[in-house]
Amino acid sequence: MTSTDDRIKDALDDDDFEFLKDLEGDRGLFQQIGDSWKGPLGGWAKLIFAFTAALGVLFLFVIWQVAHSTDHPMIHALWAIAGVALLVVIGFAKEWMFARMNMLTILREVKKLQVQVALLSEERES
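Here is a short report on the structure shown in this document. (Residues numbered from 1 in each chain as written. Predicted model: local features only at pLDDT ≥ 70, side-chain atom pairs only at ≥ 80, totals over all residues. Heavy atoms only, no water.)

1. What about the overall build of the chain?
- The number of helices and strands found in the chain is 5 helices and 0 strands.
- In the chain, which comprises 126 residues, the share counted as buried stands at 25%.
- Here the chain has roughly 9200 Å² of accessible surface; of this, 66% comes from carbon and sulfur atoms. (Helix = DSSP H or I, 4+ residues; strand = E, 2+ residues; numbered from the N terminus. Buried < 20%, exposed > 50% of the residue type's maximum accessible area, 1.4 Å probe, protein only. Areas by Shrake-Rupley, 256 points an atom, 1.4 Å probe, with all protein chains shown as cover.)

Here it is, written out as structure tokens:
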């Protein structure tokens, strides 16, 4: 730890220190997904996750239909087009989830910077 980190640690109370310690931990994919389910848009994130899972199951059914509908070319083509459309919609839903996860990661970093700037400004005042 650097001297700045030590000063920050000394200036924080226990709650703030625990908050910063939680922010510094390396978070994996599943923890980031779980973190995106909290907060003001947590309900939407849960809905999009469930929606994406349901579309994934539907996509597997469509693939099965494509594999077994070889007797009529038009039906086969329609199932294949439905599969591509499902892939596009799943891609958009996943993009929204990953954008939200990235936003939360950036907010964590901004929060750390806010605390550091506040502590440095207090240090200059005293």
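2. What about the packing of aromatic side chains?
- Summed over all chains, the structure comprises 3 aromatic pairs.
- For the pair Phe61 and Trp79, a centre-to-centre distance of 5.8 Å together with 85° between the ring planes defines the contact as edge-to-face. Residue Phe61 is located in helix 4 (residues 42-68), and its partner Trp79 is located in helix 5 (residues 73-125); the two are separated by 18 residues in the primary sequence.
- With a relative accessible area of 39%, Phe61 lands in the partly exposed category.
- Grouping aromatic residues by their ring pairs yields a cluster made of Phe61, Trp64 and Trp79. (Phe/Tyr/Trp six-rings, centres within 6.5 Å; stacked < 30°, edge-to-face > 60°.)

3. Here's the deal with the packing of helix 3 (residues 29-36) against helix 5
- It is the contact of helix 3 with helix 5, at a shortest axis distance of 9 Å, that shows an interaxial angle of 90°. When the axis of helix 3 is compared with that of helix 5, the two are roughly perpendicular. Judged by residue contacts, Leu29, Gln32, Ile33, Asp35 and Ser36 of helix 3 engage Met97, Phe98, Arg100, Met101, Leu104, Thr105 and Arg108 from helix 5.
- Of the residues that constitute the contact of helix 3 with helix 5, the class distribution is 6 nonpolar, 3 polar and 3 charged. (Axes fitted to C-alpha atoms, helices over the stretch in contact; angles between N-to-C directions. Parallel < 35°, antiparallel > 145°, perpendicular 65-115°, else oblique. Contact = heavy atoms within 4.5 Å. Nonpolar A, V, L, I, M, F, W, Y, C, P; charged D, E, K, R; others polar.)

4. So, helix 3
- All of the buried residues in helix 3 are Gln32, Ile33, Asp35 and Ser36. When helix 3 is viewed along its axis, its buried side chains cluster within an angular range of 160° and face the same direction. (Arc of directions from axis to C-beta.)

5. Looking at the pattern of salt bridges
- For the structure shown, the criterion picks out 2 salt bridges.
- Here Asp35 makes a salt bridge to Lys38, at a shortest N to O gap of 3.6 Å.
- Relative accessible area serves as the criterion here: at 53%, Lys38 is assigned to the exposed category.
- Of the charged contacts, one joins Lys112 and Glu109 as a salt bridge, the two residues approaching to 3.3 Å between their closest N and O atoms. Taken together, the residues span about one helical turn, with Lys112 and Glu109 both in helix 5 at a distance of 3 residues.
- For Lys112, a relative accessible area of 17% translates into the label buried. (Salt bridge = Lys/Arg side-chain N within 4 Å of Asp/Glu carboxyl O.)

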